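# Topology and contacts: notes
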Amino acid sequence: MVRRIVEEKGEKAVPILIDLLFEGDPQTADIAVEALEALDCCKQLFERLDLEMKKDEKNVGIYYIADLIGDKKCKGGIDYLKAMLNLVENENEALIVHGALAKVGFKDSEKYLLYEFENDPYMEEFLFDTALALSQSDDEEVLKAISNKAKDHPELIEILQSMCERNPAFFSLLPEDLREKVR
């Protein structure tokens, strides 16, 4: 259905796809996100986010938008995402918004995520997601922190792998035992 909308309407499909983020069906939202990632839609994402943040009731769609703004590295996205921090009510929401901010280069959010990753026992259930949010970093301290946790959390190896693929110099910074696992 979503692909057909995009094929038929092209860029005109953006408002329809954004609406799908707010309908509550995660599978449909994921497909809409995939389609929106390929389209020029930052302006429309900002407009919808601005509208939604003024409402009393929050809809999960705003977090899809936040993540998209980060993934697309929308110019001007930092201000919208920083405003979203005022709406955050739990660790998962904080992770999404700070993760999006880190993707657009907001170093304070990267520092926040790194601190949470290393020090907050309540973030243990979000360890992989936090590492994933940090994986776009070029900071050696981030790589070291993820490496340290990877010894007890083998699921983090794939994140180290992607970081080393993006930045080959990171490979030499890995401890010897992890170098064998990261190829």
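This structure is a prediction, so every number in the text was calculated from the model and none was measured. (Residues numbered from 1 in each chain as written. Predicted model: local features only at pLDDT ≥ 70, side-chain atom pairs only at ≥ 80, totals over all residues. Heavy atoms only, no water.)

### A look at the pattern of salt bridges
If the charged atoms of two oppositely charged side chains come close together, the side chains can form a pair. This structure, assessed with the given rule, holds 13 salt bridges. In this structure, the salt-bridge partner of E47 is K43, at a minimum N-O distance of 3.2 Å. A residue pair is termed a helical-turn pair when its members lie 3 or 4 positions apart in one helix, as E47 and K43 do in helix α4 (residues 42-53) at four residues. On the accessibility criterion, K43 (59% relative accessible area) is exposed. Between K103 and D67 there is a salt bridge; the shortest N-O distance is 2.9 Å. In this pair, K103 sits in helix α7 (residues 91-103) while D67 sits in helix α5 (residues 61-72), placing the two residues 36 residues apart along the sequence. Judged by relative accessible area, K103 falls into the buried class, the value being 18%. With a relative accessible area of 30%, D67 lands in the partly exposed category. (Salt bridge = Lys/Arg side-chain N within 4 Å of Asp/Glu carboxyl O. Helix = DSSP H or I, 4+ residues; strand = E, 2+ residues; numbered from the N terminus. Buried < 20%, exposed > 50% of the residue type's maximum accessible area, 1.4 Å probe, protein only.)

### With respect to the state of the cysteines
Applying the stated criterion across every chain yields a total of one disulfide. Two residues, C42 and C74, share a disulfide whose sulfurs are 2.0 Å apart. Judged by the torsion about the S-S bond (-75°), the C42/C74 disulfide is left-handed. A residue pair is termed long-range when its members are at least 10 positions apart, and C42 in helix α4 and C74 in the loop between α5 and α6 (77-84) qualify at 32 residues. (Disulfide = S-S within 2.5 Å.)

### Structural notes on helix α10 (residues 140-150)
Those residues of α10 that fall on the buried side of the exposure criterion are V142, L143, A145, I146, S147 and A150. The N-terminus of α10 is capped by D139, whose side-chain oxygen sits 2.7 Å from the backbone nitrogen of E141. (Polar contact = N/O pair within 3.5 Å; in protein donor to acceptor, adjacent residues only side chain to side chain.)

### Thoughts on unusual backbone geometry
Phi at K73 takes a positive value of approximately 50°, unusual for a residue other than glycine. Structurally, the position occupied by K73 is in the loop between α5 and α6.

### Points about the layout of surface pockets
Volume-wise, the largest pocket comes out at about 350 Å³. Lining the largest pocket are 16 residues, with D67, I96, K103, D129 and L132 sitting closest to its centre. Every element with two or more residues in the lining of the largest pocket is listed here: α3 (26-37), α5, α7 and α9 (127-134). Partitioning the lining of the largest pocket into residue classes produces eight nonpolar, two polar and six charged. (1 Å grid on protein atoms, 1.4 Å probe; cavity = no way out; pocket = protein on both sides within 12 Å on 5 of 7 lines; lining within 4 Å. Points joined across faces, edges and corners; volume = space filled by probe spheres on them. Nonpolar A, V, L, I, M, F, W, Y, C, P; charged D, E, K, R; others polar.)

### Description of the nonpolar core
The biggest cluster of nonpolar side chains holds 33 residues, and the ones touching the most others in it are L17, L21, L36, I65, I69, L81 and M84. When contributions to this core are tallied by element, the ones reaching two or more residues are α2 (14-20), α3, α4, α5, α6 and α7. Broken down by element, this core gets its largest block of residues, six residues, from α5. Here L21 is in contact with A29, A32, V33, L36, N59, G61, Y64, I65 and L68, once residues within four sequence places are set aside. If you look at the next biggest cluster of nonpolar residues, it comprises 26 residues, including A102, L127, C164 and F170. (Core = buried A, V, L, I, M, F, W, Y, C linked by side-chain atoms within 4.5 Å. Contact = heavy atoms within 4.5 Å.)

### Quick look at the side chain of S147
Note on placement: S147 falls in helix α10. There is a polar contact of 2.8 Å between the side chain of S147 and the backbone oxygen of L143. In this structure, S147 is in contact with L160, L174, P175 and L178, ignoring residues within four places of it in sequence.

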